[in-house]
Amino acid sequence: MKVKNEQNLSRRRMVAGNWKMNILPADAKGLVDSCLEGLSGEHAEILFCPPYTHLANLSGIARAGIHLGAQNCSEYASGAFTSEISAEMLINLGCTWVILGHSECRARNSYEKDRVADKIRRAIEAGLKVIYCCGEPLEIRDAGQHVHYVMQQLETDFSKMSVSAMDHVTIAYEPIWAIGTGKTASTDQAAQMHEHIRAWMKQQFPGCGEALKILYGGSVNAGNARDLAHSSSIDGVLVGGASLKPDEFKIIISAFS
Ligand code: PGA
């Protein structure tokens, strides 16, 4: 499949930082400020997803094109769910986005995969936008089963979703073998999977296809961002490690702006 060079102008691109379990709450505002320092003119939509404990300190950062999000949330609205965090709590702290289905959450909790669809529904019902993560492990890619695997994830998590819910969903294709490994999928590998995802979504939800943003995630850095940004199938990136380094994150933002 050939990678196209021209950008799809109907979808504003997004650069999302997933801080995972890094830095301290007191340092969060400083990191955001450093990442945004010198930012001017038209830029990609920027999303910061720190740990829950940092959200209160970052409540005020949102403005046009700058958003605050969380890394997970509960499928329930409230109640006896020790240690869980609800979508409403996130909204109360200024979040407008939540990441759901991240492979690190799926890997740590074997029930997670059965909860993702309900979490998406709950988050959207509460008023959040969702970055939904999907992606295959290395052995599946090596066996040539990666497209089937990701389509199965979509089937599991979206088959009962309404068409209107899709206005609130952005997809992040994150091959597990590329996350935190320094091994990025090539632009062609990412673009090909993005096109499969878009085709599946279009078929499942007629009318949603062209507006749907599909991000790539997995060892995105200052060195590979421009190449990824060159593909019209890649509407932005979900960045882990490099989102903690302001100089690098700024280069990634400018690549997608
Ligand atoms: P990475 O993480 O950029 O450190 O590979 C990406 C992610 O897990 O979202």
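Residues numbered from 1 in each chain as written. Predicted model: local features only at pLDDT ≥ 70, side-chain atom pairs only at ≥ 80, totals over all residues. Heavy atoms only, no water.

A.B. asks: What should I look at first to understand the pattern of salt bridges in this one?
C.D. replies: All told, the structure shown has 15 salt bridges when counted by the stated rule. Residue Arg122 pairs with Glu88 through a salt bridge whose shortest N-O separation is 2.9 Å. Note that Arg122 is positioned in helix α4 (residues 112–126) and Glu88 in helix α2 (residues 87–92), a separation of 34 residues in sequence. Put simply, Glu75, Glu84, Glu112, Arg115 and Lys119 are held in one network by salt bridges that share partners. (Salt bridge = Lys/Arg side-chain N within 4 Å of Asp/Glu carboxyl O. Helix = DSSP H or I, 4+ residues; strand = E, 2+ residues; numbered from the N terminus.)

A.B. asks: Hey, could you run me through the sheet that holds strand β3 (residues 66–70) in this one?
C.D. replies: Pairing between the strands of a sheet is mediated by backbone hydrogen bonds and can be parallel or antiparallel. Spatially, β1-β2-β3-β4-β5-β6-β7-β8 is the arrangement adopted by the 8 strands of the closed barrel, whose pairing is parallel. With direction set aside, neighbouring strand axes in the sheet form an average angle of 25°. Running over the sheet, α4 touches β4 (97–100), β5 (129–134) and β6 (169–173) and is turned about 165° from β5. The sheet strands contacting helix α6 (residues 146–158) are β5 and β6, and the helix crosses β5 at an angle near 145°. (Pairing = 2+ DSSP bridges. Axes fitted to C-alpha atoms, helices over the stretch in contact; angles between N-to-C directions. Contact = heavy atoms within 4.5 Å.)

A.B. asks: So what exactly am I meant to see when it comes to the nonpolar core here?
C.D. replies: Nonpolar side chains in soluble globular proteins tend to end up buried together. Ranked by size, the top nonpolar core spans 66 residues in total, and within it Phe158, Ile197, Met201 and Phe256 carry the most contacts. Beyond its immediate sequence surroundings of up to four residues, Ile197 is in contact with Cys134, Val150, Met151, Leu154, Ile171, Tyr173 and Ile214. Ala16, Ile99, Ile131 and Ala172 belong to the second-largest nonpolar core, a separate cluster that totals 11 residues. (Core = buried A, V, L, I, M, F, W, Y, C linked by side-chain atoms within 4.5 Å. Buried < 20%, exposed > 50% of the residue type's maximum accessible area, 1.4 Å probe, protein only.)

A.B. asks: Would you take a moment to explain the side chain of Arg115 for this structure?
C.D. replies: If you trace the backbone, Arg115 turns up in helix α4. Ignoring sequence-local partners within four residues, the contact set of Arg115 consists of Glu75, Glu84 and Asn109.

A.B. asks: It is not clear to me how the site of the ligand should be interpreted in this structure. Could you clarify?
C.D. replies: Near the ligand, the surroundings consist of 13 residues, among which Lys20, His102, Glu174, Gly180 and Ser219 are the closest. Lys20 has a polar side-chain atom sitting 2.7 Å from an oxygen atom of the ligand. Look at the ligand: alone it shows 280 Å² of surface, and the protein chains cover 95% of it. Here the shell around the ligand is built from residues that sort into 4 nonpolar, 7 polar and 2 charged. (Near = heavy atom within 4 Å. Polar contact = N/O pair within 3.5 Å; in protein donor to acceptor, adjacent residues only side chain to side chain. Areas by Shrake-Rupley, 256 points an atom, 1.4 Å probe, with all protein chains shown as cover. Nonpolar A, V, L, I, M, F, W, Y, C, P; charged D, E, K, R; others polar.)

A.B. asks: I would appreciate a short explanation of the packing of helix α1 (residues 25–36) against helix α9 (residues 246–255) in the present structure.
C.D. replies: When two helices pack together, their arrangement is given by the angle between their axes and by how far apart the axes lie. Two elements in contact, α1 and α9, have axes separated by 8 Å at closest approach and are oriented at 45°. Classed by the angle they form, the pair α1 and α9 counts as oblique. Relative to α9, α1 is oriented so that their crossing is right-handed. Where α1 abuts α9, its residues Leu31, Ser34 and Cys35 lie against Pro246, Phe249, Lys250 and Ile253. Tallied by class, the residues present in the contact of α1 with α9 amount to 5 nonpolar, 1 polar and 1 charged. (Parallel < 35°, antiparallel > 145°, perpendicular 65-115°, else oblique. Left-handed = near helix turned anticlockwise from the far one by under 90°.)

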